[in-house]
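Overview (structure and organization)
The primary structure of each chain is shown beneath.
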Amino acid sequence: MHSDPDIRALQAHFNDIASALFQEASNSFRNEAARTNRDGKENVYQLLRSKHCQYFRRSLQQQADAILARCDKKEMQLRLRAYLGESIRYFEAEFLRKTDEF
């Protein structure tokens, strides 16, 4: 059994990963959306946005699950799970806000 790393270090690690995934997902969406005429094809644009958002959320959740797997103590897992859930919701909302501006 391994010891639990400091929760702040795990939070910072997740934020670094989430920021990189955010940039990757935003750039990928921007590139694909640039090929779509939003005015003429709003439904296609929204489906594309939804697809990228779902992929981004799944990627964040996979990273969160991997970080949670590193914790052995239930109390730490609960605190970290709450933090990671809030962080995922925040990054997802930011992705939607940012992609709405394109």
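Here, the structure is the one placed above.
Residues numbered from 1 in each chain as written. Predicted model: local features only at pLDDT ≥ 70, side-chain atom pairs only at ≥ 80, totals over all residues. Heavy atoms only, no water.

Turning next to the overall build of the protein chain. Scanning the protein chain from terminus to terminus reveals three helices and zero strands. Listing every helix and strand of the protein chain by position from the N terminus yields α-α-α. Compactness check: the protein chain gives a C-alpha radius of gyration of 16 Å against a globular reference of 13 Å for 102 residues, more than 25% above the reference. Its C-alpha atoms give the protein chain principal-axis dimensions of about 55 × 20 × 20 Å. Contacts spanning at least 24 positions in sequence make up 79% of the contacts within the protein chain whose residues lie at least 6 apart. A distance of 2 Å separates the average location of the 17 positive side-chain charges in the protein chain from that of its 15 negative side-chain charges. (Helix = DSSP H or I, 4+ residues; strand = E, 2+ residues; numbered from the N terminus. Rg over C-alpha atoms; globule rule 2.2 N^0.38 Å. Contact = heavy atoms within 4.5 Å. Lys, Arg positive; Asp, Glu negative; His and termini not counted. Charge placed at Lys NZ, Arg CZ, Asp CG, Glu CD.)

Counting through the fold element by element, L10 comes out in helix α1 (residues 7-34). Sequence spacing of L10 and L68 is 58 residues, and the spatial spacing of their C-alpha atoms is 9.0 Å.

Counting 25 residues, the largest nonpolar core has F14, F56, L60, L80, L84 and F95 as the members making the most contacts within it. Per element, the largest residue contribution to this core is 10 residues, and it comes from α1. The residues touching F56, leaving out its near neighbours within four places in the chain, are A18, L21, F22, A25, F91, E92 and F95. (Core = buried A, V, L, I, M, F, W, Y, C linked by side-chain atoms within 4.5 Å. Buried < 20%, exposed > 50% of the residue type's maximum accessible area, 1.4 Å probe, protein only.)

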